Amino acid sequence: MAFTDKDPHNASEILRVVALGVRIERRQARGKPVKALENRVECIREKAQQREDIKRKKP
């Protein structure tokens, strides 16, 4: 279930994306690569959007 009507993410996904965002910022500050973490965030977002698109298409 989406957290809001305008956002496809549920509470669990929001928390995971925020936690990954924190990890990304820390790694960037240390000069380490963050592409893998960014890919995980994008995967979470895509799955949430797909789930909500399917729900909206059902009559």
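Scroll up to find the structure this text is about.
This report concerns the structure included in the present document. (Residues numbered from 1 in each chain as written. Predicted model: local features only at pLDDT ≥ 70, side-chain atom pairs only at ≥ 80, totals over all residues. Heavy atoms only, no water.)

## Some thoughts on helix H2 (residues 35–57)
Heads up, the rule is: A run of H or I in DSSP counts as a helix once it spans at least four residues, and a run of E counts as a strand once it spans at least two, with each numbered from the N terminus. Take the residue count of a helix, subtract one, and multiply by 1.5 Å to get its expected span. Categorising residues by exposure relies on relative accessible area from a 1.4 Å probe, with only protein chains included: less than 20% of the type maximum marks a residue as buried, more than 50% marks it as exposed, and the intermediate range marks it as partly exposed. Any two residues whose heavy atoms approach within 4.5 Å are treated as being in contact.
Over its 23 residues, H2 extends 33 Å from the first C-alpha to the last, a length consistent with the 33 Å expected when each residue adds 1.5 Å. Along H2, the residues that are buried comprise Leu37, Val41, Ile44, Ala48 and Glu52. Packing partners of the buried residues in H2 comprise helix H1 (11–29).

## Considering a positive patch on the surface
Put simply, the test is: Patch definition: residues with relative accessible area over 30% and no salt bridge; like charges joined within 9 Å; nonpolar side chains (Val, Leu, Ile, Met, Phe, Trp, Tyr) joined within 5 Å. Every accessible area reported is derived by Shrake-Rupley at a probe size of 1.4 Å, with residue values counting cover from the shown protein chains alone. Note on definitions: salt bridges are taken to be side-chain nitrogens of Lys or Arg within 4 Å of carboxyl oxygens of Asp or Glu. Only four residue types enter the charge count: Lys and Arg as positive, Asp and Glu as negative, with His and the chain ends excluded. Charged groups are reduced to one reference atom each: NZ for lysine, CZ for arginine, CG for aspartic acid, CD for glutamic acid.
Together, Arg16, Arg23, Arg40 and Lys47 give the surface a local cluster of positive charge. Every element with two or more residues in the positive patch is listed here: H1 and H2. Inspection of the secondary structure assignment puts Arg40 in helix H2.

## What to know about the nonpolar core
For the record, the criterion: Among buried residues, the Ala, Val, Leu, Ile, Met, Phe, Trp, Tyr and Cys ones that are joined through side-chain atoms within 4.5 Å form a nonpolar core.
Formed by Val17, Leu20, Ile24, Val34, Leu37, Val41 and Ile44, the largest nonpolar core amounts to seven residues. Taken together, the elements giving at least two residues each to this core come down to H1 and H2. The contact partners of Leu37, leaving out residues within four places of it in the chain, are Leu20, Arg23, Ile24 and Arg27.

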